[in-house]
Amino acid sequence: MQVLSLKALEETLKSADSHTRHRTLRAVASLFLESAPQYSDDKIEFFDDVFGALLDGSTHADMLDISRRMAPVENAPRKLIKKLAENPEISIAGPVLSQSPRLSTSDLCDIARSKGSLHMLAISHRSEISEPVTDILLERGDECVARTVVGNAGARLSNRGIGKILHRGKTDQALIDGLQRRPEISEELISEAREQLADAVVRHGWMTAMVEERVKILLGGDPIGEAEVKGFASKNDYEGVVASLSILGRLNCEVVANMMQPSRVSGTILVCKALSFAWGTVDEILRLVRSQNQVSSEETKQAHRDFVNMTRATAERIIRFWQIRQSVTA
């Protein structure tokens, strides 16, 4: 391996343009990947320091490239992997969160506690997930996260986690169906959960119908669009916003309402992105959500970043998945 001097590299980078930094980063990544399995811990640690120097001030595209290339590597530099996993942009953090074997249980727990639903969703796709991590995902994650955890055979469930699923399953057929496919769950628990779900389905069906009818009456039969949703938000009409997003996104009202809870507002962002709403409308919705559900300013900032970086196609795919699961449940 070519002898590199970290100090010399740092000095060079101080005056390097973006093109030079890009070429250097890709060259170092290729150098590492060529012989990664043969490197000693000391050499991996050295590469870790080099990547640390190169990533400061690097572009989004470079970070994304490194994340994708390093995510599946068994002995990838630990500090690099952790830095990528903690990145607020899900496009950068996602490949590492869903694949990297270098993230410890402690790392995953910290990220699951501090990040939004999109980061948690990436974690829920890992081939193996320990009980402490699934406990947090089931506590903080939205419906999509919970369903992915339950459907992931490599995700271990604690008694606490199973209890959380059974509680959430009172209003979510897909979770109960997922539990039934897991051998560690007794049929007695499944039957009890199904009985509770049947009662909840009737109750929620009436509630959804009444709220949607209220919105239609308020609009005098006019079609619902972005302007109407923004109008409801600006008037602090929480039910109007929930019902309007439910109608436009073809989602149940309780699903939309759940998206507006703390640590779950990324679901609202997905719906708004799929509907091609302008940020001004989304910001007005988040202002209302913040006042109703004690959503933090940091969650709002993260929601803005997610909205800007997410493509409409990605949002539409996820919403279609929710709609399909919802129709199967119905």
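Here, every reference points to the structure presented above.
Worth saying up front: this structure is predicted, and the values here are computed from it rather than measured.

Here is what the cut-offs are and how they apply
Residues numbered from 1 in each chain as written. Predicted model: local features only at pLDDT ≥ 70, side-chain atom pairs only at ≥ 80, totals over all residues. Heavy atoms only, no water. Helix = DSSP H or I, 4+ residues; strand = E, 2+ residues; numbered from the N terminus. Buried < 20%, exposed > 50% of the residue type's maximum accessible area, 1.4 Å probe, protein only. Contact = heavy atoms within 4.5 Å. Areas by Shrake-Rupley, 256 points an atom, 1.4 Å probe, with all protein chains shown as cover. Axes fitted to C-alpha atoms, helices over the stretch in contact; angles between N-to-C directions. Parallel < 35°, antiparallel > 145°, perpendicular 65-115°, else oblique. Left-handed = near helix turned anticlockwise from the far one by under 90°. Nonpolar A, V, L, I, M, F, W, Y, C, P; charged D, E, K, R; others polar. Phe/Tyr/Trp six-rings, centres within 6.5 Å; stacked < 30°, edge-to-face > 60°. Core = buried A, V, L, I, M, F, W, Y, C linked by side-chain atoms within 4.5 Å. 1 Å grid on protein atoms, 1.4 Å probe; cavity = no way out; pocket = protein on both sides within 12 Å on 5 of 7 lines; lining within 4 Å. Points joined across faces, edges and corners; volume = space filled by probe spheres on them. Salt bridge = Lys/Arg side-chain N within 4 Å of Asp/Glu carboxyl O. Arc of directions from axis to C-beta.

**Notes on the overall build of the protein chain**
Next, step 1: For the protein chain, the helix and strand inventory stands at 20 helices and 0 strands.
Next, step 2: Counting all 330 residues of the protein chain, 49% fall into the buried class.
Next, step 3: Within the protein chain, counting contacts between residues at least 6 apart in sequence, those at least 24 apart form 67% of the total.
Next, step 4: Carbon together with sulfur atoms contributes 51% to the accessible area of the protein chain, which is approximately 16,000 Å² in total.

**Let's talk about the environment of L64**
Next, step 1: Along the chain, the position of L64 falls in helix 4 (residues 60-70).
Next, step 2: If near-sequence neighbours (up to four positions away) are discounted, L64 is found in contact with S91 and I92.

**A look at the packing of helix 9 (residues 131-140) against helix 11 (residues 159-168)**
Next, step 1: Contact geometry for helix 9 and helix 11: axes closest at 9 Å, N-to-C directions at 20 degrees. Judged by the angle between their axes, helix 9 and helix 11 are roughly parallel. The crossing of helix 9 and helix 11 is left-handed. Contact with helix 9, carried on its side by D135, L138 and E139, involves R160, G161, K164, I165 and R168 of helix 11 and no other residues of that element.
Next, step 2: By residue class, the composition of the contact of helix 9 with helix 11 is 2 nonpolar, 1 polar and 5 charged.

**Regarding the packing of aromatic side chains**
Next, step 1: For the coordinates displayed, the defined rule picks out 6 aromatic pairs.
Next, step 2: Summarising the aromatic geometry, the rings of F32 and Y39 are spaced 5.5 Å apart at their centres and angled 40 degrees between planes, so their arrangement reads as tilted.
Next, step 3: Note on F32: relative accessible area 0%, which makes it buried.
Next, step 4: Seen in terms of ring centroids, F32 and F47 are 5.1 Å apart; in terms of plane orientation they differ by 70 degrees. Their pairing is edge-to-face. Of this pair, F32 sits in helix 2 (residues 18-34) while F47 sits in helix 3 (residues 41-55), and the two are 15 residues apart along the sequence. For the pair F32 and F47, a shared accessibility class is recorded, and that class is buried.

**Digging into the nonpolar core**
Next, step 1: Counting residues in each nonpolar core, the largest one holds 89 residues, and the members touching the most others are F32, F51, M70, V241, L245, M260 and I285.
Next, step 2: With 6 residues, the top contributor of residues to this core is helix 3.

**A short note on empty space enclosed by the protein**
Next, step 1: One pass over the structure, following the stated rule, counts 1 cavity of 30 Å³ or more.
Next, step 2: Reported here for the largest cavity is a volume of approximately 50 Å³.
Next, step 3: In this structure, the largest cavity is lined by S117, L118, L121, D142, C144, V145, S266, G267, L270 and W322.
Next, step 4: Residues belonging to the lining of the largest cavity are distributed by class as follows: 6 nonpolar, 3 polar and 1 charged.

**A word on the pattern of salt bridges**
Next, step 1: All told, the structure shown has 9 salt bridges when counted by the stated rule.
Next, step 2: The closest approach of N and O atoms between E139 and K164, which form a salt bridge, is 3.8 Å. Note that E139 is positioned in helix 9 and K164 in helix 11, a separation of 25 residues in sequence.
Next, step 3: Taken together, the shared-partner salt bridges in this structure form one network comprising R26, D65 and R69.

**A word on helix 11**
Next, step 1: What helix 11 keeps buried is the set G161, I162, I165, L166 and R168. Angularly, the buried residues of helix 11 cover 165 degrees about the axis, an arc narrow enough to put them on a single face. Exposed and facing more than 90 degrees away from the buried side of helix 11 are N159 and R160.

**Structural notes on helix 14 (residues 226-234)**
Next, step 1: When we look at burial in helix 14, the residues that qualify are V229, F232 and A233. Relative to the axis of helix 14, the buried residues are bounded by an arc of 100 degrees and lie together on one face.
Next, step 2: Two residues or fewer after helix 14 comes N236, characterised by a positive phi angle close to 60 degrees.

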